[in-house]
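# Overview (structure and organization)
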Amino acid sequence: MWPTYSYYQLNQEREALAKDSAAIEQWDLANGEQFLKARSGRLKLGLDLRGGMYVTLEVDVLKLIEESADPLSVDDDLTKIIENTRKETDNSNQDVLETFLKNFRASGKSLLQYFTVSNQSDPTEASIEEKLQRDADGAVQQALEVIKQRVNKYDLSEVNIQQQGARRIVIELPDVKDEKEIRSLLQTTARLEFKRVVMNRELIRAFYAIDNLLKGVNPDTTVADTASVAADSSSAKKDTSSIAKADSVKADSAKRDTSGKAKNPYAGLSDDEAARRIKRDYPLTHMLGGYYAQSEKGSYQPFDLILKKADDFPEQGMYRFIISGKTLPQLLKILDRADVKRVIPADLDIIVAAKPEGTPSKDGTPEVYDIYGVTREPELTGDVVTEAFPSFDQASNQPVVLMEMSSEGAERWAQITGANINKRIAIVLDGRVYSAPVVQNKIPNGSSQITGSGSPEEANLLAVVLKAGALKAPVKIIEERVVGPSLGEDSIRRGVSSSLMSFALIILFMLAYYAWGGAIADVALLMNVLLVVAGLAGFGGTLTLPGIAGLILSTAMAVDANILIFERIREELAAGKTLKVAVEQGFSKAWSAIIDSNLTNILATIPLLVWGSGPVKGFAVILLIGAIITLFTAVVVTRAMFALIVASGATTINIGQKRTA
Amino acid sequence: MDLIKKTNIDFVTKRNTFFMASLISTVVGLIICFLPGMIELGIDFTGGTQIKVSFEKASASADQVRAAVSSIGFGGAEIKSFGKPGEYLIRINELGSASQISANIVASLQKSFPNDNVILVGADNVDAKVSKELAFDSAISLAIAALIMLLYVAFRFQLAYGFSAVIALAHDVLMAFVISVLFNKTGLLNLELSINALAAYLTILGYSINDKVVVFDRIRENREKHKGMPLAELVNLSLNETLSRTLVTGISVLAALLVMVFLGGDVLEGFAFTMFIGIVIGTYSSVYIASSFLIWYTDRVKHKNVGVVASTKA
């Protein structure tokens, strides 16, 4: 509950400053971490309550089968089997691949007639089935990977992308501004390319060119060096807390590096001021970190790009550039701009690694991504890849990826690898680098082994990516929901306020009807609702409309539990028992009804959780949490309060019962 | 406060009359509901595309909206409105992207009504495959949930109690369904059968089983206390003893739901209405359906046994 409250508090504070970007920057510096932490821990509202877009994608397994069949062998028989399978599976829950195989077997044909397994000289029926299964599974992973990377590019907060079942991907996008863009993002197929890595001084020149361009289009430069504070603050409009923080570090290092030089324009400025100016003067390069090694054997030394020009750097040698994961979205946005693309040399492309370097550290050090300069024209496109799969190298016992190519592709591959020995070739999917292995030797037959995957998982991912060349995962949108932001505002406010009023009504009613007993019940009820909502937030759950139904039911049952207890105590008091006995008897007699009714509901949520679809599950989760907490609050909390009253020596209590004369 | 004094109302003598009346009205109600065009299934269960728009100044009539929508090629569009002026639900069978179709429709409506402001409230596009799955999954999970309730009640009480509870639950859900379908026709609230309505029915089930268990619990207790008392009398005594609790709980929950019906807005009103109806029916069925069925069933089983014993002796 606390993160939820603190998020709304902080968000209000932050929004109050929204007009003043400099103030926001300051505020983010001070509270950013706390804000993000609260945001990730708070109770999330479902898209039906806050607006947004919800899309379910399904991998079209039949299309995949059709495409993976040898095109020359496809005949009417296979088309017919596929069509029948489509009819059969469109209206049922059956596994598509299984149904296809069943229908195929019924036709009495052999899979060998249509399919081949590229790395096997004599495939069997079983090995083809296995391949189809692998393709189908890989397709989902591939689509998932591509979509994740693409969505990353947009600064969409809290995008939720999940695999659902074996063949589906669910994407939830709150606060969607451009639906068309999102759709194209989900539907265009990814492109796999092999590009030569070019990491030299030209890349640095391109960086500075982008810097100049960004500065040039920035109206602030009209006031140039005598920039006023106001101009400074507007240039920092888009920055987030993390950037601000990274900057201050940068500013320190810049000062250190250049302290000896007389011409340092940032000397004598406060840290904040220096950071602001550096950011203004180096809009791109201030985000980058550079490393240089003289030769392959030399070790990489860090260097700074601030206050330098391209000619300051040696032409020969090895460069490496990195960027923090926190500023990565900014860089991607810059690289996506058409005017930025124009200032990059025609034969160069600047792209970023798909995954952060190394394994994520736990001590909170931000992840870093490698930036690559590559040739704009691919050496080879991915459609020559026929098969890729993860494996282990016998000698070193390291995870590797094996890749096969078509004969035409293999020929070109032999030339490319031959010409680039000891140079790097980047494997690029959808504009992101998944691996940039160094060519060890000329590969004559297309069978390549890619080493350097840190883990079997990494190797698996790389294989999935390489297969995108051979087989583009055909996905279709099978469900799409858009909840307009207008629902977000008014309706939600009414929903929340009416719920609070309803709850207040119950609180007052209990107080009026059961007097002191009502007060006790109200404490228990408040605890109940808070615990249920906190429980939901704690499990990372999302409150949806069906969830509210579950909340209403679980609250009603908590009210009922208290009423059952009070009615029993009243009965016992009316029968002339002392308070102590009446309370004891009241609880013990009400207990069986409370536990039976709550347990019935708890058990009934199980099938809803197992077989129910999303919204029904949302209902069941809250009901389950609610019923369990009701058992706790009614029995432990209410009881403890009564026990305290009895222990204090009271002999009567006003729970609204008829006064006996 | 103590509204309900100790009562001794005769609930059981006329039980058959009530039971038959309920049975008949449920059956008749269901027949009416299943007349063509009565049940309005939500997009979740039919598949297709549905767009909800709102005219800020409410200047467009349903016919004008239909004309504007068919002018861009959605001839068979179904236009519905729900009490709120200027708010329309546009349902089309064409499949396609919800966001794309909705953008087209909103643009076209805006062009037809340049003086008003057209707001997209929501758009859904559900593949027939998904909607069938949803219906199938919901039916399966509901059936198993009902079975679990039956088994648990049978285990904690007796088999007869389990059957009585499930019969009463079926009655509650069906009655609430009939009333919702009929009320939906008035056009005051959108009560079409959607996945959210399903959650409301689940709430009715949960509340109702809770109510039944409380009465059964009292019967179980009284059975021990008053050994030899005929079941009908036991049931009547237990119903009277729990009446106070039944009404107090019922009234407080109903009052809370009533607030949501009137003030809950788009998000909650339809939902709260169905729950409200269901809880009224659920409370009634604890008294007249579950208990009546329990007495009838127990009598029948007893007589049957006697009959069997007699026939073997003859």
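Residues numbered from 1 in each chain as written. Chains lettered and ligands numbered in written order. Predicted model: local features only at pLDDT ≥ 70, side-chain atom pairs only at ≥ 80, totals over all residues.

### Some thoughts on the overall build of chain B
The helix and strand inventory of chain B stands at 9 helices and 4 strands. Ordered by position from N to C terminus, the α and β elements of chain B give α-α-β-α-β-β-α-β-α-α-α-α-α. Computed over its C-alpha atoms, the radius of gyration of chain B comes to 25 Å, more than 25% above the 20 Å expected for a compact globule of 314 residues. Looking at the 314 residues of chain B, the share that counts as buried comes to 48%. Across chain B, every contact between residues at least 6 apart in sequence was considered, and the portion connecting residues at least 24 apart equals 76%. (Helix = DSSP H or I, 4+ residues; strand = E, 2+ residues; numbered from the N terminus. Rg over C-alpha atoms; globule rule 2.2 N^0.38 Å. Buried ≥ 20, exposed ≤ 12 C-beta atoms within 10 Å, placed from the backbone. Contact = placed C-beta atoms within 7 Å.)

### Section: the overall build of chain A
Secondary structure assignment for chain A yields 20 helices and 18 strands. Buried positions account for 39% of the 661 residues belonging to chain A. Considering only intrachain contacts with a sequence separation of at least 6, the fraction spanning at least 24 residues in chain A is 72%.

### A word on the domain arrangement of chain B
As far as domains go, chain B holds domain 1 (15-40 + 131-303) and domain 2 (48-126). In this structure, domain 1 of chain B and domain 2 of chain B have C-alpha centres spaced 38 Å apart. (Domains from an automatic or database assignment.)

### Quick notes on the interface of chain B and chain A
Put simply, an interface is often sized by how much accessible area is lost when its parts join up. With 65 residues of chain B in contact, the opposing surface of chain A contributes 65 residues. When residues of the side of chain B that touches chain A are assigned to their parent elements, the largest contribution, 17 residues, is made by helix α5 (residues 128-156) of chain B. Taken together, the residues that form the side of chain B that touches chain A break down as 37 nonpolar, 17 polar and 11 charged. Across 5 bridges, strand β17 (residues 475-483) of chain A lies against strand β4 (residues 118-126) of chain B in antiparallel orientation. Each residue of the ladder has a partner; that of Val482(A), found in β4(B), is Ala123(B). (Nonpolar A, V, L, I, M, F, W, Y, C, P; charged D, E, K, R; others polar. Pairing = 2+ DSSP bridges.)

### Some words on the sheet that holds strand β13 (residues 399-405) of chain A
Residues and elements named next belong to chain A. If you trace the 3 strands from one edge of the open sheet to the other, you get β12-β13-β16, paired in antiparallel fashion. Two strands bound the open sheet, and with one partner strand each, they are β12 (385-392) and β16 (448-450). Going from strand to strand, the sheet's axes swing by 25 degrees on average, the running direction of each strand aside. Where β12 meets β13, 7 bridges bridge the pair, whose relative direction is antiparallel. The residue of β13 that forms the bridge with Ala388 is Met403. (Axes fitted to C-alpha atoms, helices over the stretch in contact; angles between N-to-C directions.)

### Looking at the packing of helix α4 (residues 61-68) of chain A against helix α5 (residues 76-90) of chain A
Residue and element names in this part refer to chain A. As a packed pair, α4 and α5 sit with axes 10 Å apart at the nearest point and diverge in direction by 170 degrees. The angle between α4 and α5 falls in the class roughly antiparallel. Facing α4, whose interface residues are Leu62, Ile65 and Glu66, α5 presents Ile82, Thr85 and Arg86. Here the residues of the contact of α4 with α5 are counted per class, giving 3 nonpolar, 1 polar and 2 charged. (Parallel < 35°, antiparallel > 145°, perpendicular 65-115°, else oblique.)

### Some points on the sheet that holds strand β5 (residues 192-196) of chain A
All names here are of chain A. As summarised here, the arrangement of the 9 strands in space is β7-β6-β8-β10-β9-β15-β14-β5-β11, forming an open sheet in which the pairing is mixed. Bordering the open sheet on either side are β7 (301-303) and β11 (380-381), each of which pairs with just one other strand. Contacts between helix α13 (residues 328-336) and the sheet are confined to β8 (318-324), β9 (348-353) and β10 (368-375), with β9 contributing the most and set at about 155 degrees to the helix.

### A look at α5(A)
The first and last C-alpha atoms of α5(A) sit 21 Å apart over 15 residues, in line with the 21 Å expected at 1.5 Å per residue. Each element contacted by the buried residues of α5(A) is listed here: α4 and α6 (96-106) of chain A. (Expected span 1.5 Å × (residues − 1).)

### Here we look at the pairing of strand β6 (residues 288-293) of chain A
Regular strands place side chains that alternate from one sheet face to the opposite one. Bridge count between β6(A) and β8(A): 6 bridges; the pairing is antiparallel. If you follow Tyr291(A) over to β8(A), its bridge partner there is Arg320(A).

### Concerning the confidence of the model for chain A
Across chain A, the average pLDDT comes to 77, with 78% of residues at or above 70. A low-confidence stretch, residues 218-262 of chain A (pLDDT under 50), is modelled with 66 contacts involving residues beyond four sequence positions or located in other chains. (pLDDT = per-residue confidence, 0-100.)

### A few points about the confidence of the model for chain B
Residue and element names in this part refer to chain B. Residue-level pLDDT values for chain B average 83, and 92% of them are 70 or greater. The model gives residues 308-314 a pLDDT under 50, and that stretch makes 0 contacts with residues more than four places away or in other chains. Both scores are available for the predicted complex, with the pTM at 0.71 and the ipTM at 0.83.

### Focus: the environment of Leu551(A)
Residues and elements named next belong to chain A. Within the secondary structure layout, Leu551 lies in helix α18 (residues 545-574). Classification of Leu551 as buried rests on a count of 23 C-beta atoms within 10 Å. For Leu551 and Ala561, which are 10 residues apart along the polypeptide, the C-alpha to C-alpha distance reads 15 Å. Excluding its chain neighbours within four sequence positions, the residues that come into contact with Leu551 are Val532, Ile622 and Gly626.

### A word on the domain arrangement of chain A
Residues and elements named next belong to chain A. As far as domains go, chain A holds domain 1 (1-42), domain 2 (46-188), domain 3 (194-218 + 283-474) and domain 4 (487-647). Taken together, the contacts link 5 residues of domain 2 with 8 residues of domain 4. When grouped by side-chain class, the residues that make up the side of domain 2 that touches domain 4 number 1 nonpolar, 2 polar and 2 charged.

### A short note on helix α8 (residues 231-263) of chain B
All names here are of chain B. An ideal rise of 1.5 Å per residue puts 48 Å on 33 residues; α8 measures up with 45 Å between its terminal C-alpha atoms. Remark: the principal bend of α8, roughly 50 degrees, maps to Thr242. Immediately beyond the C-terminal end of α8, within one or two residues, lies Gly265, with a positive phi of roughly 75 degrees. (Bend = angle between axes of the 7 residues up to and from the residue.)

### A word on unusual backbone geometry
All names here are of chain A. Unusually for a residue other than glycine, Asn397 sits at a positive phi of about 60 degrees. If you trace the backbone, Asn397 turns up in the loop between β12 and β13. Here Asn422, not a glycine, exhibits a phi torsion of approximately 70 degrees, which is positive. Here Asn422 shows up in the loop between α15 (407-419) and β14 (425-429). Exposure remark for Asn422: the 9 C-beta atoms within 10 Å place this residue in the exposed category.

### Quick word on the packing of α5(B) against helix α6 (residues 159-184) of chain B
Residues and elements named next belong to chain B. Following both chains from N to C, one finds α5 and α6 inclined at 145 degrees, their axes separated by 7 Å at the closest point. Here the hand of the crossing between α5 and α6 comes out right-handed. Contacts from Ala146, Met149, Leu150, Leu151, Val153 and Ala154 in α5 reach Leu159, Tyr161, Gly162, Ala165, Val166 and Leu169 in α6. Here the residues of the contact of α5 with α6 are counted per class, giving 11 nonpolar, 1 polar and no charged. (Left-handed = near helix turned anticlockwise from the far one by under 90°.)

### Considerations on the environment of Ser61(B)
All names here are of chain B. Its location among the elements puts Ser61 in the loop between β1 (48-55) and α3 (62-70). Residue Ser61 is classed as partly exposed on the basis of its 14 C-beta neighbours within 10 Å. Between the C-alpha atoms of Ser61 and Ser81, which are 20 residues apart in sequence, the distance is 9.6 Å.

### As for the pairing of strand β4 (residues 168-173) of chain A
Residue and element names in this part refer to chain A. Here β4 shows a clear split, with Ile169, Ile171 and Leu173 buried on one side and none of Arg168, Val170 and Glu172 buried on the other. Where strand β2 (residues 52-59) lies against β4, 6 bridges are found, and the strand directions are antiparallel. Residue Val55 lies in a different strand from β4, and its bridge partner there is Ile171. Looking at chain direction, strand β3 (residues 160-164) and β4 are connected through 5 bridges and run antiparallel. Considered in β4, the bridge of Gln163 is made with Ile169. Linking two consecutive strands that pair antiparallel, namely β3 and β4, is a turn of 3 residues; a positive phi of about 65 degrees is found at Gly165 within it.

### Some remarks on the environment of Phe113(B)
All names here are of chain B. In this structure, Phe113 sits in the loop between α4 (98-112) and β4. C-alpha separation for the pair Phe113 and Gln64, spaced 49 residues apart in sequence, amounts to 9.4 Å. The residues contacting Phe113, other than those within four sequence positions of it, are Phe55, Ser59, Ala60 and Val118.

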